[in-house]
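Here is what each chain is made of, one letter per residue.
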Number of protein chains: 2
Amino acid sequence: MSVEQQFLDYVKSINHYIQTLQLLYWDARTKLPKKGQEERSNVIGTVSQQIHHLTTSDELKHLLEGVQKDETVSDVTKRSAILVQKKYDEFTKIPAEEYKEYIMLSSRSELAWEQAKESNDFESFKPYLEKIVAYKKKTIEYLGYEGHPYNCLLDDFEPGMTVEKLDVIFEQLKEVLIPLIQDVVQADRQPDANVLFHHFPKAEQEKLSHAFLETIGYDFEAGRLDETVHPFATGINRNDVRVTTKYNETDFRVALLGTIHEGGHALYEQNIGEHLIGTPASAASSFGIHESQSLFMEKFVGQNEGFWKTNYPVLKKYAGGSFDDVSFDDFYFALNEAKPSFIRIEADELTYCLHVILRYELEKALFSNEIQVEELPTKWNEKMEEYFGIVPNTDSEGVLQDVHWPSGMFGYFPSYALGYIYAAQLKQQLVHDIPDFEERIQNGDIKAITAWMTMNVHEHGAMKEPREIIYDATGEDVNAEPLLSYLKDKYTKLYHL
Amino acid sequence: MSVEQQFLDYVKSINHYIQTLQLLYWDARTKLPKKGQEERSNVIGTVSQQIHHLTTSDELKHLLEGVQKDETVSDVTKRSAILVQKKYDEFTKIPAEEYKEYIMLSSRSELAWEQAKESNDFESFKPYLEKIVAYKKKTIEYLGYEGHPYNCLLDDFEPGMTVEKLDVIFEQLKEVLIPLIQDVVQADRQPDANVLFHHFPKAEQEKLSHAFLETIGYDFEAGRLDETVHPFATGINRNDVRVTTKYNETDFRVALLGTIHEGGHALYEQNIGEHLIGTPASAASSFGIHESQSLFMEKFVGQNEGFWKTNYPVLKKYAGGSFDDVSFDDFYFALNEAKPSFIRIEADELTYCLHVILRYELEKALFSNEIQVEELPTKWNEKMEEYFGIVPNTDSEGVLQDVHWPSGMFGYFPSYALGYIYAAQLKQQLVHDIPDFEERIQNGDIKAITAWMTMNVHEHGAMKEPREIIYDATGEDVNAEPLLSYLKDKYTKLYHL
């Protein structure tokens, strides 16, 4: 058997364990009985260790050397070797003992955070966060970096992205968004969000969620929709991509917009090239590109005016009459309400990026030693005041709100804002290529749109770096301008600014 | 770390992969989207190979030697070593290449069987079955045996059981059952099964199945109930034991009696001693003992007259009035109808064992070279005539009906009849220890009954061999008498013989 084939077989078996892990997690979050949770953690531990073991073995090292010096191997093999080498380096540069201790630390840290958030007690969580940050600082030294040390963390989520690039982009966003939000706050015309909070039976929301997923092109023969507490989508492989949602009978947005968002993630995974299956290239290019797909669907389809012109009557029917006294204009304005708020995951599209930038700036300052963990609550509140003009009453709705820091996911947040930026860039190009975009959305004829996205994004999986995806699709590097003009246009019109 | 601890850690990791495999199978049979099936087989293959690899390693061999010569190890460790040694021997005595070929053969064989069954074409399936039987004969030589070669196959499902013992027991069953069935056939009083086939909405059957599971003591915090095509129960671990069922809106027995049957399996798994978790002793003692638990619940609880005196009115309510014109006596008689039939899995409790004995006799004759694969259809039909007085019109409802032979599970069938025999032995002792058994069943007060079964069967897991379980619980070896007197009594009364 050729070295290339041996390598591909080897990475396929790693991929099989990753698929297994995805199923173990999906099941834990949707189906697992309560008493089974503790033992499930042990099983997940064993499978994770096996992935770590296979990714750091001498056998893999030799196979990597073999395929890297063989110039006849396929492009998929070449790219797979690059992706696996990165994981190999990451896992082998960090001493196994320290990594294992960190895994246990982060699981204790998450528990401590849950309690701290519940009792609004940052002090009790502080020692955990200090240890997590200290570990992360050590790994930055192990792994190495160019420029700012935070670049090392960014690279895990958004390969190729740097502080140097982000600072420029985020300053541009702040310059436009901070005053625009103040204009919206002070506008005379304001929506009445209460028109949205009418009773909508769960069973009917479920049916409509199903129908919306079909509208955007989600394939139910290669997926399913289940209920959970914190919705997510998981791509076990391109033929088994599962969406989850939750239902709130007095706020349909949670399920309906949530399902469209997760459906966007799922479309990406379902359309990754079939020839990549079983290789490390059969994955998203980055977290930011993944988020661009969910946000494209949620914002540019699921909050599109034409989409609701067609679907508001449908929603009214499913809701069984409880929206009959709400006009389309009131409904659509309320659905697009923008205002400063404390909680990132509940934020609207106008304010969302500032929540992300706030976190980015604090993370960057932590890892360049400009601030210490203990200063986070104060710094958080100062930035809330500066960007939104509001200050949270408690740390629970401030610095303690997200799970990312307790879990050690520093470097993740920027991907959310990059997802918005990429989505707007892709949409601008898409409208150029498919000029009747708005008409198609209104008619529920999304096929050509999804096909464009598949050709330009989905099918490449991780064969391209994020910046290649965006450049090849739009002819430009990452660029905040399309997002900013979309937001300016939309909110100027909506609020009669 | 002590050798004992190393050994326990090692077997725990094997156990984690087994749990993973159980989840992969459960998901494949209940939730997996259609297009995901092919890739799932590959993932299952990788995890199965890992279990095989861990069970045949030199590391395990050394650990086994270590704990076997250390007399200070715990009873659980001692027993675990015996159970693992058995698997180690089995896997290492059969050349890995031959085993791998066989795995592929049996999967092709199952596909060929499906087609053959559909088109009633034994000839097309014969070559596969011949290869399967040839492989099994070879493994018998590799593994060795005492007495009859079939004993080697039996030992896989019912450790310690032999042809010599089974022949005696099964002759005893035939002697009583064949004439008893003929008496029932010729009785004047006959039930009208049509009274059962009234419409019963699926959603209501689901609720009642749920309620019945709770009645028999199934813990929904350590389990769940889902829909599938071929119902089963699976114990991922004692805290995660899942029941599946299917619903037929014109035959409620499929779901309700099926759920109680699978619930009996599940109760066993949920009550295996907590201290055994993660060891190979955290499993059933044998297939026969497992079946004794499902049959005990299905037959001695779920078809008990007192149970239905209480639950028939409940069923009537759930069915929404469609049983209102059916009297209790007609209902109960129909529910316990006995008559010769072709299909084992649809057979009633009176005729069931003869279906099993027929298969046992054919398997035994195959492996002692008294008959050849090509003679199976003829021999099958001869025995049907002899035992039931009926002959199937097609091989599809004869020799081709079961998946066991296509999958190579020779030696499995006797466990089904042993399950009946054990169940009746256990019931006889239980009634002796809890004399108000019938009253408790009627009152839905099953706690003490389940507790007795847990103390005598469930909690021991695989710490005891099946014959020890039965002997320790009843003071007797396997004995068909309690089953025979139960059947004689019940059917004499029901049919006024």
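Owing to the predicted nature of the structure, the values given are computational and were not obtained by experimental measurement. (Residues numbered from 1 in each chain as written. Chains lettered and ligands numbered in written order. Predicted model: local features only at pLDDT ≥ 70, side-chain atom pairs only at ≥ 80, totals over all residues. Heavy atoms only, no water.)

Here we take up the overall build of chain A. Of regular secondary structure, chain A possesses 20 helices and three strands. Taken over C-alpha atoms, the radius of gyration comes to 23 Å for chain A, in line with the 23 Å a tight globule of 497 residues would show. Projected onto its principal axes, the C-alpha coordinates of chain A cover approximately 70 × 50 × 50 Å. Evaluated residue by residue, chain A yields a buried proportion of 57% over its 497 residues. A separation of at least 24 residues holds for 73% of the contacts in chain A among residues at least 6 apart in sequence. Averaging the coordinates of the 49 positive side-chain charges in chain A and doing the same for the 82 negative ones gives two points 3 Å apart. (Helix = DSSP H or I, 4+ residues; strand = E, 2+ residues; numbered from the N terminus. Rg over C-alpha atoms; globule rule 2.2 N^0.38 Å. Buried < 20%, exposed > 50% of the residue type's maximum accessible area, 1.4 Å probe, protein only. Contact = heavy atoms within 4.5 Å. Lys, Arg positive; Asp, Glu negative; His and termini not counted. Charge placed at Lys NZ, Arg CZ, Asp CG, Glu CD.)

Our next topic: the nonpolar core. Burial of nonpolar side chains together is a common tendency in soluble globular proteins. Formed by 133 residues in total, the largest nonpolar core has its most connected members in L173, F296, W308, L315, F331 and L376 of chain B. Residues contacting F296 of chain B, with those up to four places away along its chain left out, are V301, A423, K427, L430, F437, I449 and M453 of chain B. V133, F212, M453 and A480 of chain A belong to the second-largest nonpolar core, a separate cluster that totals 132 residues. (Core = buried A, V, L, I, M, F, W, Y, C linked by side-chain atoms within 4.5 Å.)

This part covers the pattern of salt bridges. Overall, the coordinates contain 62 salt bridges over all chains when judged by the stated rule. Here E204 of chain A ties to K207 of chain A by a salt bridge, and the two come within 3.0 Å at their closest N and O atoms. Residue E204 of chain A and its partner K207 of chain A are both found in helix α9 (residues 202-215); the two are separated by three residues, about one turn of the helix. Under the relative-accessibility criterion, E204 of chain A is labelled partly exposed at 23%. Of the charged contacts, one joins K31 of chain B and D226 of chain B as a salt bridge, the two residues approaching to 2.7 Å between their closest N and O atoms. Residue K31 of chain B is located in the loop between α1 (3-30) and α2 (37-55), and its partner D226 of chain B is located in strand β1 (residues 223-227); the two are separated by 195 residues in the primary sequence. Since its relative accessible area comes to 11%, K31 of chain B is described here as buried. One salt-bridge network, in which partners are shared between bridges, spans D27 and R40 of chain A together with D240 and R242 of chain B. (Salt bridge = Lys/Arg side-chain N within 4 Å of Asp/Glu carboxyl O.)

This brings us to the domain arrangement of chain A. Note: interface size is frequently given as the accessible area lost on complex formation between the parts. All names here are of chain A. When cut into domains, chain A gives domain 1 (1-93) and domain 2 (145-497). Here the C-alpha centroids of domain 1 and domain 2 sit 29 Å apart. With 18 residues of domain 1 in contact, the opposing surface of domain 2 contributes 25 residues. Summed over both partners, the interface of domain 1 with domain 2 comes to about 1,800 Å²; 55% of that surface belongs to carbon and sulfur atoms. Considering only the side of domain 1, the residues that lose the most area to domain 2 are W26, R29 and R79, jointly responsible for 34% of the buried surface there. On inspection of domain 1 and its partner domain 2, the count reaches three salt bridges. Joining domain 1 to domain 2, the criterion identifies eight residue pairs in polar contact (both at pLDDT 80 or more). Every element with two or more residues in the side of domain 1 that touches domain 2 is listed here: α1 (3-30) and α4 (75-93). No other element matches the nine residues that α1 contributes to the side of domain 1 that touches domain 2. (Domains from an automatic or database assignment. Buried area = accessible area lost by both parts, 1.4 Å probe. Polar contact = N/O pair within 3.5 Å; in protein donor to acceptor, adjacent residues only side chain to side chain.)

All right, on to the pairing of β1 of chain B then. Residue and element names in this part refer to chain B. Among the five residues in β1, four count as buried, and that is most of the element. As paired elements, β1 and strand β3 (residues 240-245) share five bridges and run parallel to each other. Bridge pairing in β3 places D226 opposite T244. (Pairing = 2+ DSSP bridges.)

All names here are of chain A. If you walk across this open sheet you meet the three strands as β1-β3-β2, and the pairing is mixed. Looking at the sheet topology across the chains shown, the edges are occupied by β1 (223-227) and β2 (233-237). Adjacent strand axes in the sheet meet at a mean angle of 20°, parallel and antiparallel pairs treated alike. Strands in contact with α1 are β1, β2 and β3 (240-245); relative to β2, the strand with the most contacts, it is inclined by about 145°. (Axes fitted to C-alpha atoms, helices over the stretch in contact; angles between N-to-C directions.)

Tallying the contact residues gives 35 residues for chain B and 35 residues for chain A. When the area that chain B buries against chain A is broken down by residue, the three leading residues are K35, E39 and E221 of chain B, summing to 20%. Linking chain B with chain A are eight salt bridges, by the criterion used here. Among the salt bridges present, the one from D219 of chain A reaches K35 of chain B, with a minimum N-O distance of 2.5 Å. The tally of links between chain B and chain A comes to 18 residue pairs in polar contact (both at pLDDT 80 or more). Listed by contribution, the elements that provide at least two residues to the side of chain B that touches chain A are α1, α2, β1 and β3 of chain B. The element contributing the most residues to the side of chain B that touches chain A is α1 of chain B, with 11 residues. Its residues placed into classes, the side of chain B that touches chain A shows 11 nonpolar, 13 polar and 11 charged. (Nonpolar A, V, L, I, M, F, W, Y, C, P; charged D, E, K, R; others polar.)

Turning to the packing of helix α7 (residues 150-157) of chain A against helix α8 (residues 163-186) of chain A, a few remarks are in order. Residue and element names in this part refer to chain A. Contact geometry for α7 and α8: axes closest at 10 Å, N-to-C directions at 80°. As summarised for this structure, α7 and α8 are arranged roughly perpendicular, according to the angle between their axes. Contact with α7, carried on its side by Y150, N151 and L154, involves V163, E164 and L166 of α8 and no other residues of that element. For the contact of α7 with α8, the class distribution of residues is four nonpolar, one polar and one charged. (Parallel < 35°, antiparallel > 145°, perpendicular 65-115°, else oblique.)

This next bit is on the relation of the copies chain B and chain A. The two copies are related by a screw operation: chain B maps onto chain A through 180° of rotation and 0.0 Å of translation along the axis, at an RMSD of 0.0 Å. The operation mapping one copy onto its partner corresponds to a two-fold rotation axis. Across chain B, the smallest distance between a C-alpha and the rotation axis is recorded for T20 of chain B, namely 3.8 Å. (Least-squares fit on C-alpha atoms with pLDDT ≥ 70 in both.)

This part takes up the pairing of β3 of chain B. Residue and element names in this part refer to chain B. A large share of β3 lies buried, amounting to six of its six residues. The alternating pattern of β3 places D240, R242 and T244 and V241, V243 and T245 on opposite faces, both of which are buried. Inspection of the sheet shows strand β2 (residues 233-237) paired to β3 by four bridges, in the antiparallel sense. Counted as the bridge partner of N237 is D240 from β3. In this structure, the hairpin formed by β2 and β3 is closed by a connection of two residues.

Residue and element names in this part refer to chain B. Here three strands make up an open sheet; going across it, the order is β1-β3-β2 and the pairing mixed. Strands at the two margins of the open sheet, each flanked by one partner only, are β1 and β2. In this sheet, neighbouring strand axes are inclined to one another by 20° on average, regardless of whether the strands run parallel or antiparallel. Packing against the sheet, helix α9 (residues 202-215) makes contact with β1 and β3, and its axis sits at approximately 155° to β1. On top of the sheet, helix α10 (residues 253-270) reaches β1, β2 and β3; it is set at about 165° to β3, its chief contact.

Structurally, the position occupied by W113 of chain B is in helix α5 (residues 96-118). Taking the C-alpha atoms as reference points, W113 of chain B and F125 of chain B, 12 residues apart in sequence, are found 5.7 Å from one another.

This brings us to the environment of E249 of chain B. All names here are of chain B. Tracing the chain through its elements places E249 in the loop between β3 and α10. Separated by 46 residues in the primary sequence, E249 and A203 place their C-alpha atoms 9.6 Å from one another. Contacts of E249, omitting those with residues within four sequence positions, involve H198, H199, F200, P201, K202 and Q205. Among the polar contacts made by the side chain of E249, one reaches the side chain of H199 at a distance of 3.2 Å.

On to the packing of aromatic side chains, then. Overall, the coordinates contain 67 aromatic pairs over all chains when judged by the stated rule. Relative to W308 of chain B, the ring of F212 of chain B lies with its centre 5.9 Å away and its plane at 75°, an arrangement referred to as edge-to-face. In this pair, F212 of chain B sits in helix α9 while W308 of chain B sits in helix α12 (residues 305-318), placing the two residues 96 residues apart along the sequence. A connected cluster of aromatic rings, assembled from ring pairs, spans F157, F287, Y352, F367, W380, W405, F410, Y412, F413, Y416 and Y420 of chain A. A cation over an aromatic ring shows up here: R359 of chain B above the ring of F413 of chain B, its NZ or CZ 5.4 Å from the ring centre. (Phe/Tyr/Trp six-rings, centres within 6.5 Å; stacked < 30°, edge-to-face > 60°. Lys NZ or Arg CZ within 6 Å of the ring centre and 35° of its normal.)

All names here are of chain B. At a minimum axis separation of 9 Å, α5 and helix α6 (residues 122-143) run at an interaxial angle of 150°. With respect to their mutual orientation, α5 and α6 come out roughly antiparallel. For the pair α5 and α6, the crossing hand works out as left-handed. Side by side, α5 and α6 meet where E98, Y99, Y102, L105, S106, R108, S109, A112, W113 and A116 of the first sit next to S124, F125, Y128, K131, I132, Y135, K136, K138 and Y142 of the second. When the residues that make up the contact of α5 with α6 are grouped by side-chain class, the tally is 11 nonpolar, three polar and five charged. (Left-handed = near helix turned anticlockwise from the far one by under 90°.)

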